[in-house]
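Okay, here's what each chain looks like letter by letter:
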Amino acid sequence: MLYTDDAYTPYEAEIVEFIKEHHDIFTIRLKFTDPELDSKYFFRPGQFNMIYLYGIGEVAISIVNDRNHQQGRFEHTIQVVGRITKGMMKLQTGDKVGIRGPFGTSWPMNEAKGKDVIIVTGGLGNAPLVAATEEVLKNRNQYGKLRVLHGIRSSDLLIYDDMYTRWNNSPETKVYMATSNADPVDNGKWTWGKGYVTNFIPELSVDYANSIVMTVGPEPMMIGVAKAFIAAGVKPENVYVSIERSMKCAIGHCGHCQLGSQFICKDGAVYPYPACEHLLEVKGL
Ligand SMILES: Cc1cc2nc3c(=O)[nH]c(=O)nc-3n(C[C@H](O)[C@H](O)[C@H](O)COP(=O)(O)OP(=O)(O)OC[C@H]3O[C@@H](n4cnc5c(N)ncnc54)[C@H](O)[C@@H]3O)c2cc1C
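Everything numeric here is computed off the predicted structure, so don't read it as measured data. (Residues numbered from 1 in each chain as written. Predicted model: local features only at pLDDT ≥ 70, side-chain atom pairs only at ≥ 80, totals over all residues. Heavy atoms only, no water.)

Q: Just to check I follow, could you spell out the environment of Lys-189 for this structure?
A: Position of Lys-189 among the secondary structure elements: in the loop between β9 (173-179) and β10 (193-194). Along the chain, Lys-189 and Val-241 lie 52 residues apart, while their C-alpha atoms are 32 Å from each other. (Helix = DSSP H or I, 4+ residues; strand = E, 2+ residues; numbered from the N terminus.)

Q: How should the nonpolar core be read in this particular structure?
A: As a rule of thumb, soluble globular proteins bury nonpolar side chains together. Within the largest apolar cluster, 38 residues are counted, with the highest numbers of intra-cluster contacts made by Ile-118, Leu-149, Leu-204 and Phe-229. The set of elements that each furnish at least two residues to this core consists of β3 (48-53), β7 (116-122), β9, α5 (219-232), β12 (239-242), α6 (264-267) and α7 (273-280). A per-element tally of this core places α5 first, with five residues. When residues of this core are sorted by domain, at least three fall in each of domain 1 (11-103) and domain 2 (116-280). Not counting residues up to four positions away in its chain, the partners in contact with Ile-118 are Arg-147, Leu-149, Leu-204, Val-206, Tyr-208, Ser-211, Ile-212, Val-213, Met-214 and Phe-229. (Core = buried A, V, L, I, M, F, W, Y, C linked by side-chain atoms within 4.5 Å. Buried < 20%, exposed > 50% of the residue type's maximum accessible area, 1.4 Å probe, protein only. Domains from an automatic or database assignment. Contact = heavy atoms within 4.5 Å.)

Q: I tried to follow the pattern of salt bridges on my own but got confused; where do I start?
A: Opposite charge on two side chains makes pairing possible when the charged atoms of those side chains draw close. This structure, assessed with the given rule, holds nine salt bridges. As a salt-bridge pair, Glu-17 and Arg-29 come within 2.9 Å of each other at their nearest N and O atoms. Of this pair, Glu-17 sits in strand β1 (residues 11-22) while Arg-29 sits in strand β2 (residues 25-32), and the two are 12 residues apart along the sequence. Residue classification places Glu-17 among the partly exposed positions, given a relative accessible area of 33%. For Arg-29, a relative accessible area of 6% corresponds to the buried category. Salt bridges sharing partners connect three or more residues here, namely Glu-17, Arg-29 and Glu-75. (Salt bridge = Lys/Arg side-chain N within 4 Å of Asp/Glu carboxyl O.)

Q: Explanation requested: the sheet that holds strand β6 (residues 96-103) in the structure shown.
A: Pairing between sheet strands relies on hydrogen bonds along the backbone, with the strands arranged either parallel or antiparallel. Across the sheet, which stays open at both edges, the six strands sit in the order β4-β3-β6-β1-β2-β5 with antiparallel pairing between neighbours. Strands with a single pairing partner mark the edges of an open sheet, and in this sheet they are β4 (57-62) and β5 (74-79). The mean angle between the axes of side-by-side strands here comes to 40°, regardless of whether they run parallel or antiparallel. Summarising the sheet, β3 and β4 pair through six bridges and their orientation is antiparallel. When the bridges of β4 are listed, Tyr-52 appears paired with Glu-58. (Pairing = 2+ DSSP bridges. Axes fitted to C-alpha atoms, helices over the stretch in contact; angles between N-to-C directions.)

See the structure below:
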């Protein structure tokens with residue numbers, strides 16, 4: 001908590017823009033109504049906020065970088081899955097929500113310096129890795145090659161296409177995308193790949209022994225990605241994943257997100273793969 005010592009109090013933020021990404025996915029751009037909080041608010045790539053829909057409840061949502069890099073503005077991309085996120089879909093520009101955060105660990109941006117960086121996401125797992133990707137691009141000469149791999153079930157589920165086009169700009173910085181299912185809406189317009197993102201491993205032309213992998217997606221996908229890149233030569237300690245569990249307090253008190261000995265909200269959500277491999281392998285944990 002960098003802007004307040006009070007981790008339990010939600011602070012009011014106003015929606016300055018509501019972007020409909022897909023029929024059940026939307027992005028809200030926010031600013032705090034208190035200008036002092038607005039100027040102090042700071043987060044590290046990979047952290048999350050608790051967003052409170054007044055009178056309904058709170059959900060943990062990753063912080064996406066502001067796509068216009070405006071000081072004091074932050075974004076969340078949200079998929080409707082249940083009661084609270086369904087209510088949030090009805091929000092409009094000018095509406096207010098409560099924000100607690102930022103919480104959790106962050107992507108290893110310092111450890112990644114001097115290495116090739118491989119970002120691998122599936123579905124809405126791209127949201128928690130936008131800020132890390134932008135951080136590499138902002139400090140381009142401190143990192144090696146950047147490879148952004150994104151997998152979706154079908155082409156109509158792609159969000160952030162403007163961003164992927166912007167990122168895919170040189171031999172040093174390349175984007176690889178693939179759809180894994182038969183694509184009813186493609187009509188030949190999908191010019192990216194087909195199949196699983198791990199199929200791209202032979203063509204990334206990176207130094208796997210000096211690469212760092214950051215991945216978010218469904219857990220079976222993250223396990224598959226971790227194993228495939230380790231088999232390709234990435235050191236296990238250089239593979240990082242982000243784990244989602246239902247959260248309430250976000251500061252390691254309530255135990256809702258407990259996974260084995262870990263409180264995902266404060267010990268995670270970002271982990272080096274070897275630190276959580278044994279937990280991810282246990283079905284139903
Ligand atoms: C660190 C972290 C970051 C997250 N980032 C994002 C994000 O950027 N965008 C986004 O859309 N969602 C994100 N989530 C997931 C989000 O918190 C849940 O989707 C949300 O809490 C669901 O609330 P609800 O009331 O709408 O649904 P509920 O009614 O609570 O649940 C509906 C269904 O979703 C399942 N569910 C609820 N919470 C989770 C969860 N955390 N993980 C997996 N399944 C869950 C329930 O078991 C149920 O089947 C994140 C979760 C965590 C822990």
